[in-house]
Amino acid sequence: MDLKKYQDHIISNTNQYITIDANGVILDSCNSILDLEKKQSLGSLYPFFDTFIELIALNKEDTFFFSCIHFTLPQNKIIVDVTLKTFIDKPALIIIQDFTSHYFAYQFAAQERNESVISKEKIELQNQFLKEQELFKSKFIANFSHELREPLEGVVAFSDFLKETELDYQQESYVNIIESSSQHLKKMLEDILDLQTIKLNHTKLQKDVINPLSFITEIQTVFKAKSQKKGLDFVSKISGVLPEFILADQIRFRQILSNLLTNAVKFTEQGTIYFETSYNYERANKYSLSFIIRDSGVGIPKHKLDTVFESFNSTDSNYQIANTKSYGLGLSIVKSLVETFNGSIQVESEEHKWTEFTVNMEFSKPNKSDILLLKTKQEQPYNQDKKIKILLVENSEITQLILLKIASKHKNIQLDINPNPEPDKFIEDLELNAYDLVLMDIDLEQQSGVDLIYRIKKHRSPDLKQTPIIVVTGKVLKEDLQVYKKAKVEAVLKKPFTEKEFLSSLTSVLGQ
Amino acid sequence: MKISKKVVIIGHFGVGKSSLIRQFVENTFSEDYKVSIGVHILKKEVSIPENNKDVTLVLWDLEGNSDIKKTRTSYLLGSHAFIYVFDLTRPSTYGNIIEELEYLKVTKSNTPIIVVGNKSDLVTKKFIKEINTKFQNFNSIYTSAKTAENVNDLFLDLAKQLV
Ligand SMILES: Nc1nc2c(ncn2[C@@H]2O[C@H](COP(=O)(O)OP(=O)(O)OP(=O)(O)O)[C@@H](O)[C@H]2O)c(=O)[nH]1
Ligand SMILES: [Mg+2]
């Protein structure tokens, strides 16, 4: 086989050589691709070549390369690469190479790539638009329901006044309807506001330290009583060992479980309410807990299961009217709340038989200083019998008054006050009086409460050294708490405090 | 003597460069998107009645590119003007436009640049007004290859600028 012949044949068919003069007039051409005649102006046939005149006019020896140029020929379209070689005082050479099939493949790939990029962008834009719309909707609803509260307040108050006037039987029954309807409306508005504030992330989640066991036990107790009042059985179970402490917004956490349990009781006429708490795992300083709430009540129709967590989903209003009781916004609130705990909620149900909600939530693990603060917050029953001698080191008259008032109610508490201790005398005083407890303010007039704490805790007398100290202060930032912890105080009581909080802090430090 | 001017049309892909040229040269529009690769060269003669002149615009319809520095430099050789097209409905096509225009200004100094916001049929007048504040320092116009809004004006104004 004559390779050279093949090569020549292919090259001559896919390569064209043209020479042109300084005005772009064709001097010669082998015409294997473009059909050209000598003495024609190349640029007027194919405007692509127009710019060549300027390049040739530079009168330099140079090479210019142009790739992927489209030409429309009488019969077909081609895609070529063009090389221009210019010389000094000599005609320029143009080489055209036909790469149509090669570029077709490239076009195909580019088409796919560009289309997918553009459609991805469109989806992103669409999503962003939907998000903005949702946000606008939420804001609008939140503002709107807020606006409605004031006139509603008027309705509620004046139907109340109306009830106090002379009314006949029928009038009174009408007023009662006005009253209960407006209460209902008010509750709905509150729910809407609640939902929207959660959605708008306005709810700042508190980080309370919670002992999950006592928290759950308390909820169990409340709902056991509610179930029994309605003649229902209440079965509760805790699987696995719950962590000692978790961090969570106490109010929100309670809201989730109470909401689901309240619904369970509300929708069940006979049978059992089942409440299970399980510990799943600890991972990356987070605890995972799950909760199951099951009732043997009316159930949820299959076609409603998908939308039961959506707000304003009452497309099936017949169901709601027929059942007068409805989940209302409760479940959307629960779902939004669960989401703030990085959690998820699922529902399963069989109509007229049972409904089961499963909630999974994540809780952060508290650090030590958080736990210290809790010790004083935990509500523990307070033992009234034990005599307690307390020294209050505090210069705020208000705090002095509050504590004196509390002490006067509890005969077993003896409260001495030292508003402005002089350090040496202060220690002497402590040794003499053998206090059971010191309540220490941090901002004193002449020295820092922390210094005084160190004097006590570092004292050589073991008795004095062990005197429990509760810091009473408004300074409870993380850094502050670390300082108190380092000073080895027993607890911190945060100002302002209630009597109950004060008493339970006593109990937690002094024991029962 | 016949005047012929090379105008290079650049911009991200899918912004409507080919559609603008097709609307201007053939008065047609297609909803279909056929990706351009390399370069298509078309020409159209424009008469400028004011000074009784005819100009042939040689329009270089370039393959779309999100980075102007990646454009084959030989395409830009000997260009008399640039039309930088972006898509009013896709922020990604004008996100880096100021840098791109500055780059053009520096590498091709003294070559006029027109900024074109295309697909004006899909956005509101208010939106265009807002967008336009970005291009205070540039010659800008808002077009629709679909409805032909401002398409002729774009090329006519450019032709006038070039003679
Ligand atoms: N609604 C509307 N669509 C347009 C307009 N201009 C272009 N399009 C559409 O946008 C898509 C892309 O248009 P092209 O003209 O191919 O875009 P291009 O800038 O040449 O794209 P590349 O060649 O890939 O760089 C096509 O589907 C057109 O139908 C316009 O003004 N309005
Ligand atoms: Mg194109």
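Up top is the structure these notes are about.
Read on for a plain summary of the structure. Just so you know, these numbers come straight off a predicted model, no measurement behind them. (Residues numbered from 1 in each chain as written. Chains lettered and ligands numbered in written order. Predicted model: local features only at pLDDT ≥ 70, side-chain atom pairs only at ≥ 80, totals over all residues. Heavy atoms only, no water.)

## Some thoughts on the overall build of chain A
(1) Moving on: In terms of helices and strands, chain A carries 16 helices and 17 strands.
(2) Moving on: For chain A, the proportion of its 512 residues judged to be buried stands at 43%.
(3) Moving on: Once local pairs closer than 6 in sequence are excluded, the contacts in chain A between residues at least 24 apart make up 64%.
(4) Moving on: By element, 54% of the accessible surface of chain A is carried by carbon and sulfur atoms, the whole surface being about 29,300 Å². (Helix = DSSP H or I, 4+ residues; strand = E, 2+ residues; numbered from the N terminus. Buried < 20%, exposed > 50% of the residue type's maximum accessible area, 1.4 Å probe, protein only. Contact = heavy atoms within 4.5 Å. Areas by Shrake-Rupley, 256 points an atom, 1.4 Å probe, with all protein chains shown as cover.)

## A short note on a nonpolar patch on the surface
(1) Moving on: A contiguous nonpolar patch, built from A:Phe136, A:Phe140, A:Phe144 and A:Leu148 and spanning about 430 Å² of accessible area, is present on the exposed surface.
(2) Moving on: Inspection of the secondary structure assignment puts A:Phe140 in helix α4 (residues 100–163). (Patch = residues over 30% accessible without salt bridge, like charges linked within 9 Å, V, L, I, M, F, W, Y side chains within 5 Å. Salt bridge = Lys/Arg side-chain N within 4 Å of Asp/Glu carboxyl O.)

## Some remarks on the site of ligand 1
(1) Moving on: Around ligand 1, the structure places 24 residues, and the nearest of them are B:Lys17, B:Ser19, B:Ser30, B:Glu31 and B:Tyr33.
(2) Moving on: Those residues lying near ligand 1 are distributed over chains A and B.
(3) Moving on: In the model, an oxygen atom of ligand 1 is placed 2.6 Å from a nitrogen or oxygen of the B:Lys17 side chain.
(4) Moving on: Note that an oxygen atom of ligand 1 is positioned 2.6 Å from one of the backbone N or O atoms of B:Ser30.
(5) Moving on: Bound to the protein, ligand 1 loses 95% of the 650 Å² it would expose on its own.
(6) Moving on: Per element, the largest residue contribution to the shell around ligand 1 is three residues, and it comes from helix α1 (residues 17–26) of chain B. (Near = heavy atom within 4 Å. Polar contact = N/O pair within 3.5 Å; in protein donor to acceptor, adjacent residues only side chain to side chain.)

## Focus: the sheet that holds strand β4 (residues 77–87) of chain A
(1) Moving on: The strand order across the open sheet built from eleven strands is β2(A)-β1(A)-β5(A)-β4(A)-β3(A)-β2(B)-β3(B)-β1(B)-β4(B)-β5(B)-β6(B), with neighbouring strands paired in mixed fashion. Because the sheet does not close on itself, it has two edges, and the strands there are β2 (26–29) of chain A together with β6 (139–142) of chain B. Strand-to-strand twist of the sheet, defined as the mean angle between neighbouring strand axes without regard to direction, takes the value 30°.
(2) Moving on: Lying on the sheet, helix α1 (residues 3–14) of chain A is in contact with β1 (15–20) and β5 (90–98) of chain A; it crosses β1(A) at an angle near 55°.
(3) Moving on: Contacts from α1(B) reach β1 (3–10), β2 (39–48), β3 (53–62), β4 (81–87) and β5 (113–118) of chain B within the one sheet, and its direction differs from that of β3(B) by about 150°. (Pairing = 2+ DSSP bridges. Axes fitted to C-alpha atoms, helices over the stretch in contact; angles between N-to-C directions.)

## Concerning the packing of aromatic side chains
(1) Moving on: Evaluation of the coordinates by the stated rule reveals 23 aromatic pairs over all chains.
(2) Moving on: A connected cluster of aromatic rings, assembled from ring pairs, spans A:Tyr46, A:Phe48, A:Phe49, A:Phe52, A:Phe66, A:Phe71, B:Trp60 and B:Tyr75.
(3) Moving on: In this structure, A:Lys389 is placed above the aromatic ring of A:Tyr435, and the distance from its NZ or CZ to the ring centre is 5.6 Å. (Phe/Tyr/Trp six-rings, centres within 6.5 Å; stacked < 30°, edge-to-face > 60°. Lys NZ or Arg CZ within 6 Å of the ring centre and 35° of its normal.)

## Here's the deal with the coordination of the magnesium ion (ligand 2)
Residues and elements named next belong to chain B.
(1) Moving on: Protein-derived coordination of the magnesium ion (ligand 2) comes from Ser18 (OG) and Ser36 (OG), at a distance range of 2.0 Å. Note that Ser18 is positioned in helix α1 and Ser36 in the loop between α1 and β2, a separation of 18 residues in sequence. Neither Ser18 nor Ser36 differs from the other in exposure class; each is buried. (Donors = N, O, S within 2.8 Å, 3.2 Å for Na, K, Ca; no water.)

## A word on the pattern of salt bridges
(1) Moving on: Within this structure, the stated rule accounts for 16 salt bridges over all chains.
(2) Moving on: Put simply, A:Glu218 and A:Arg254 hold a salt bridge, and the shortest N to O gap is 3.0 Å. Residue A:Glu218 is found in helix α6 (residues 212–229), and its partner A:Arg254 is found in helix α7 (residues 250–266); the two are separated by 36 residues along the sequence.
(3) Moving on: Look at the salt bridges and you will find they share partners, linking A:Glu121, B:Asp87, B:Arg90 and B:Lys119 into a network.

## Some points on the pairing of strand β3 (residues 62–72) of chain A
(1) Moving on: Note: β3(A) against β4(A), nine bridges, orientation antiparallel. Across the sheet, the residue bridging to A:His70 is A:Ile79, located in β4(A).
(2) Moving on: In this structure, the hairpin formed by β3(A) and β4(A) is closed by a connection of four residues.
(3) Moving on: Note that β3(A) and β2(B) share two bridges and pair parallel. Paired with A:Ile69 across the two strands is B:Val39, which belongs to β2(B).

## Looking at the interface of chain B and chain A
(1) Moving on: Listed as interface residues are 26 residues of chain B and, on the opposing side, 26 residues of chain A.
(2) Moving on: Here chain B packs against chain A, burying approximately 2,300 Å² in sum over the two surfaces, 62% of which is carbon and sulfur.
(3) Moving on: Considering only the surface of chain B that becomes buried against chain A, B:Phe13, B:Val35 and B:Ile37 emerge as the three largest contributors, covering 26% of it.
(4) Moving on: The interface formed by chain B and chain A includes one salt bridge.
(5) Moving on: Two residues, B:Arg90 and A:Glu121, come together in a salt bridge whose shortest N-O distance is 2.7 Å.
(6) Moving on: Only β1, β2, β3 and α2 (73–76) of chain B provide two or more residues apiece to the side of chain B that touches chain A.
(7) Moving on: By residue number, the principal contributor to the side of chain B that touches chain A is β2(B), which donates four residues. (Buried area = accessible area lost by both parts, 1.4 Å probe.)

## Overview of the sheet that holds strand β14 (residues 413–418) of chain A
Residue and element names in this part refer to chain A.
(1) Moving on: What the five strands build is an open sheet, ordered β14-β13-β15-β16-β17; its pairing is parallel. Two strands close off the open sheet at either side, each with one partner strand: β14 and β17 (491–494). Averaged over all adjacent pairs, the angle separating strand axes in this sheet is 25°, with direction ignored.
(2) Moving on: As defined by bridge partners, strand β15 (residues 437–441) adjoins strand β16 (residues 469–473) across four bridges and the pair is classed as parallel. By the bridge assignment for β16, Val438 is matched with Ile469.
(3) Moving on: Running over the sheet, helix α12 (residues 423–433) touches β13 (388–393), β14 and β15 and is turned about 170° from β13.

## Considerations on helix α3 (residues 97–107) of chain B
Residue and element names in this part refer to chain B.
(1) Moving on: Residues Ile97, Glu100, Leu101 and Leu104 constitute the buried set of α3. Summarising the axial view, the buried residues of α3 lie within an arc of 95°, below the 170-degree limit, and thus occupy one face. Residues of α3 that are exposed and point more than 90 degrees away from the buried face comprise Glu99 and Val106.
(2) Moving on: Elements that come into contact with the buried residues of α3 comprise β1, β4 and β5. (Arc of directions from axis to C-beta.)

## Let's talk about the environment of A:Val265
All names here are of chain A.
(1) Moving on: Relative to the helices and strands, Val265 resides in helix α7.
(2) Moving on: Accessibility expressed as a relative area gives 11% for Val265, which makes it buried.
(3) Moving on: For the pair formed by Val265 and Arg294, sequence separation is 29 residues and the distance between their alpha carbons is 9.8 Å.
(4) Moving on: With residues near it in sequence (within four places) discarded, Val265 still touches Phe223, Lys226, Ser227, Lys230, Leu232 and Ile273.

Limitation: the analysis is restricted to geometry and does not speak to function.
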